[in-house]
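What the coordinates show
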Amino acid sequence: MAAESIEIIFPDAGRRPFPKGTTAGQALADWKPEASRELLAARYRGELVDLSRPLHHDGSLSPVTFEDRAGKEILNHSAAHIVAKALIETIPEALPTVGPAEEAGFHYDFDVRPLTPEDLTRITAAVDRIVRANDPFHRVELPREEALHQFRANPHKQRYIQDAPPNEPVSIYRTGLWIDLCRGPHVPSTGAIGGLRLLGFSGLSAEGRPEGPILQRVRGIAFPTPEGLAAWERQRKEAEARDHRVLGERLELFTFVESAPGFPIWLPKGMIVVRELEKFVREHLAEAGYSEVRTPLLFDKSVFEKSGHWEHYKDNIFLVPMENRVYGLKPMNCPGSMLIFGARARSYRELPLRLAEFAPLHRLEASGTIHGLTRVREFVQDDAHIFVTEEQVAGEIRTLLAWIARAFSTFHLEWSYELSTRPANFLGEAAVWDRAEATLKQLLDDSKVAYRISPGEGAFYGPKIDIFIKDSIGRAWQTGTIQLDYQMPLRFGLQYQGPDGHLHTPIVVHRAILGTWERFFGVLLEHTAGRLPVWLSPVQVRLLPIGDAHSEAARTLAGELRARGLRVEVADPTESLGKRVRQAELDRVPYIGVFGDREVAEGTVTVRRPPSKEPKLFSRAEFVDHAANVVATRSFDP
């Protein structure tokens with residue numbers, strides 16, 4: 001009797017029958033044998049699964065490789081399991097807790113005595129042995145009671161099992177003799193990780209509670225090949241010289257304090273940069289017909305329940321109990337914009353309604369993921385929500401794509417796009433998602449821009465186009481996003497009266513272009529190694545009179561420059577000229593002007609534009625016009 005078959009749909013729309021029980025890896029290898037070595041996992045019917053997962057139903061199947069965002073996370077999460085196995089082999093009494101992937105790498109937390117550098121050396125050796133053993137990751141689903149018994153010696157794992165939704169299967173993964181609690185998926189075997197580097201360890205309180213036990217966090221990063229790790233190490237060395245955290249402190253732009261982890265403190269010079277970024281964006285808002293609004297920082301939890309964030313994002317919301325109610329510090333602006341739209345009757349004549357908001361947002365990021373300005377707990381973004389009719393969607397997104405090109409060209413940044421499609425936990429109907437995804441894909445195709453598709457990485461309420469910028473050392477950073485949302489307006493009951501006299505539900509385009517000021521500024525500092533373009537520099541010109549006799553001429557020029565809107569300092573001759581020039585270079589001042597006898601007599605100024613060592617002689621009027629023009633045009637050029 002022939003085995004029962006199922007039909008699998010591949011990304012190229014090809015359909016093939018397979019015997020029921022064929023694994024995801026077997027089906028993908030049959031589809032593209034030449035790419036099978038790069039496979040890390042698969043996406044089956046919208047769900048990320050192991051390659052060893054048997055397929056029992058008709059449905060879509062697509063490969064997951066390290067080129068995909070999900071592939072990087074899966075490989076790094078698998079590396080975290082390898083590190084846990086290695087640490088338990090090294091320190092058997094240790095109790096593993098959780099080991100998630102991060103934006104760049106992974107960490108695993110252990111309930112164990114304080115670790116030492118010698119421990120790290122032994123753990124590294126154990127990791128190498130485990131990778132060479134090439135043991136498979138084998139998934140097993142257990143009844144809840146059996147899982148509780150399996151982890152009876154680990155109260156942390158027991159709590160995770162008890163906290164899991166009642167209808168969710170409890171799964172474990174076996175790697176050799178090692179067993180860990182995990183939803184998965186994982187790479188096929190430990191040997192799939194070709195390069196793994198441990199980055200250090202630190203102590204932290206359990207679950208962020210000061211009264212909890214001190215856990216030991218081990219951090220690392222993994223790649224599928226040794227070459228990938230070697231390239232990252234070269235890039236890391238260059239990045240260390242550009243670290244925005246060091247530059248921010250040295251240039252007096254921002255700081256952090258232990259009493260407010262993850263909350264940046266903007267210093268006066270840093271606020272100048274933030275205000276310039278805001279001005280840059282607001283000019284576009286005025287041109288494009290936006291209205292600026294401000295909504296509360298705190299909302300009752302019922303607002304987040306209505307928006308869907310309570311179900312999908314509760315763990316990242318700072319909760320505030322007050323007057324027998326639970327409030328949340330808003331992690332995003334969209335619920336507030338929905339309330340504004342729904343506050344009164346609306347007509348189609350008001351659409352597109354473009355609401356921009358620059359408000360502090362708060363997200364309860366895990367302590368181990370916080371990193372300078374690029375991962376914070378409080379931030380502001382160039383956020384907006386555009387309420388449109390179905391017919392207006394394409395035109396609005398075309399305008400946004402054109403603004404993205406203009407914005408990132410201004411900063412001399414390369415950019416690309418990622419189309420993120422329906423996740424497993426999506427809201428609404430699949431047919432609506434299909435239409436929204438097709439719209440975004442067609443607009444990207446029509447724009448002739450570079451993009452890749454990231455299956456399953458959309459927001460829970462809609463597909464999105466994520467914007468990635470590449471810095472000067474080749475790193476990609478996700479900054480802005482364009483999201484097409486049919487679901488949240490329905491959940492808030494939003495309506496407008498159409499030209500037919502009937503009520504219709506608007507569609508919402510969520511969008512941020514530069515993203516958060518914090519992240520974008522951190523990336524830009526590293527991209528430029530602190531040499532910001534003149535229009536963003538807190539001090540744009542520093543004038544250096546050689547002696548007291550030259551100070552009056554320097555102050556006169558400073559006044560002329562300030563009258564044209566430039567930010568100028570005069571460094572009086574209390575120290576040697578060489579020392580003051582060097583300090584100006586360290587302070588990343590873009591224009592350094594020197595006044596001596598010749599300059600005073602001729603009405604000129606000698607200007608250096610670091611990092612160039614070559615001075616240039618300007619008449620004072622020429623320099624004022626030149627500097628003012630560079631600022632006005634937001635030029636990067638000297």
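We now turn to the structure provided with this report. (Residues numbered from 1 in each chain as written. Predicted model: local features only at pLDDT ≥ 70, side-chain atom pairs only at ≥ 80, totals over all residues. Heavy atoms only, no water.)

**Section: the sheet that holds strand β31 (residues 541-545)**
Note the cut-off: Here, strands pair whenever DSSP counts at least two bridges between them. A run of H or I in DSSP becomes a helix once it reaches four residues, and a run of E becomes a strand once it reaches two; helices and strands are each numbered from the N terminus. Here an axis means a line fitted to C-alpha atoms, over the contact stretch when the element is a helix, while the angle between two N-to-C directions is reported on a 0 to 180 degree scale. Contacts are assigned to residue pairs with any non-hydrogen atoms lying within 4.5 Å of each other.
The strand order β32-β31-β33-β34-β35 describes an open sheet built from five strands, whose pairing is mixed. Unpaired on one side and paired on the other, β32 (568-570) and β35 (616-619) mark the two borders of the sheet. Between one strand axis and the next, the sheet turns by 30° as a mean value, whatever way the strands run. By the bridge criterion, four bridges tie strand β34 (residues 604-608) to β35 in an arrangement that is antiparallel. Residue pairing across strands places T606 opposite L617, the latter belonging to β35. Against the sheet, helix α16 (residues 551-563) contacts β31, β32, β33 (591-595) and β34, and its axis sits at roughly 170° relative to β32. Along the sheet, helix α19 (residues 620-632) makes contact with β31, β33, β34 and β35, crossing β35 at roughly 105°.

**Remarks on helix α1 (residues 24-31)**
Counted only if it meets this: Only protein chains enter the area calculation, which uses a 1.4 Å probe; residues under 20% of their type maximum are buried, those over 50% are exposed, and those in between are partly exposed. What the arc describes is the spread of directions from the helix axis to the C-beta atoms.
Regarding α1, the residues found buried are A24, G25, A27, L28 and W31. The arc that holds the buried residues of α1, viewed along the axis, is 165°, so those residues lie on one side. The inward-facing, buried residues of α1 contact β2 (15-19), β3 (41-44), β4 (47-49) and β5 (59-64).

**Quick look at the nonpolar core**
Most often, soluble globular proteins keep nonpolar side chains buried together rather than apart. Selection rule: Think of a nonpolar core as a cluster: buried Ala, Val, Leu, Ile, Met, Phe, Trp, Tyr and Cys residues, connected wherever their side-chain atoms sit within 4.5 Å.
One finds F408, F411, L514, F520, F521, L561 and F623 to be the most contacted residues of the largest nonpolar core, which totals 77 residues. Looking at this core element by element, the count peaks at eight residues for helix α12 (residues 393-410). Every residue in contact with F408, bar those within four places of it in the chain, is listed here: L413, W415, I467, I469, T479, I513, L514 and F520. One finds Y108, V112, Y173 and I193 within the second-largest nonpolar core, a separate group that totals 43 residues.

**Quick look at the packing of helix α8 (residues 268-288) against α12**
Filter applied, for reference: Every angle not falling under 35 degrees, over 145, or within 65 to 115 is termed oblique; those three ranges are roughly parallel, roughly antiparallel and roughly perpendicular. When the near helix sits turned anticlockwise from the far one by under a right angle, the crossing is termed left-handed; a clockwise turn instead gives a right-handed crossing. All residues other than Ala, Val, Leu, Ile, Met, Phe, Trp, Tyr, Cys, Pro, Asp, Glu, Lys and Arg, Gly among them, are scored as polar; the first ten of these are nonpolar and the last four charged.
Orientation of α8 relative to α12, taken along the N-to-C sense of each, is 155°, at an axis distance of 12 Å. Classified by the angle between their axes, α8 and α12 sit roughly antiparallel to one another. Crossing handedness for the pair α8 and α12: right-handed. Between α8 and α12, the residues in contact are F280, V281, H284 and E287 and W403, R406, A407 and T410, respectively. Class assignment for the residues of the contact of α8 with α12 results in four nonpolar, two polar and two charged.

**What to know about the pairing of β2**
As paired strands, strand β1 (residues 5-9) and β2 are joined by five bridges and run antiparallel to one another. Considered in β2, the bridge of E7 is made with P17. Between β1 and β2, which follow one another and run antiparallel, lie five residues, and A13 among them has a positive phi close to 75°.

**As for the side chain of E518**
This is how it is decided: His is not counted, nor are the chain ends, whereas Lys and Arg count as positive and Asp and Glu as negative. When a carboxyl oxygen of Asp or Glu lies within 4 Å of a side-chain nitrogen of Lys or Arg, that pair is called a salt bridge. Identification of polar contacts relies on pairs of N or O atoms within 3.5 Å, with a donor-acceptor requirement for protein atoms, meaning one able to donate a hydrogen and the other able to accept it, and with residues adjacent in sequence counted only if both atoms are side-chain atoms.
Counting through the fold element by element, E518 comes out in helix α15 (residues 517-528). Of the side chains with opposite charge, R275 lies nearest to the buried E518, which makes no salt bridge, at 9.7 Å. Reaching out from E518, the side chain makes a polar contact with the backbone nitrogen of V380 at a distance of 3.1 Å. In contact with E518, other than residues within four places in its own chain, are P264, W266, L373, V376, E378, F379 and V380.

**Remarks on the environment of G593**
With respect to the helices and strands, G593 occurs in strand β33. When residues no more than four places from it in sequence are discounted, the contact partners of G593 are R542, L543, L544, V605, T606 and V607.

**Some remarks on the side chain of K157**
Its location among the elements puts K157 in helix α5 (residues 155-163). Its relative accessible area of 2% is what places K157 among the buried residues. At a separation of 2.8 Å, a polar atom in the side chain of K157 contacts the side chain of D180. Once residues lying within four places of it in the same chain are set aside, the contact partners of K157 are P96, T97, Y108, F151, D180 and L181.

**So, the pairing of strand β26 (residues 464-470)**
The buried count for β26 comes to six of seven residues, which makes it a mostly enclosed element. Sheet analysis places strand β24 (residues 414-420) next to β26, joined by seven bridges and oriented antiparallel. Directly across from E418, in β26, lies its bridge partner D466. Examined bridge by bridge, β26 and strand β27 (residues 476-485) share six bridges and lie antiparallel to one another. For K470, the partnering residue across the bridge sits in β27 and is A476. Two successive antiparallel strands, β26 and β27, enclose a turn made up of five residues, where G474 displays a positive phi of approximately 90°.

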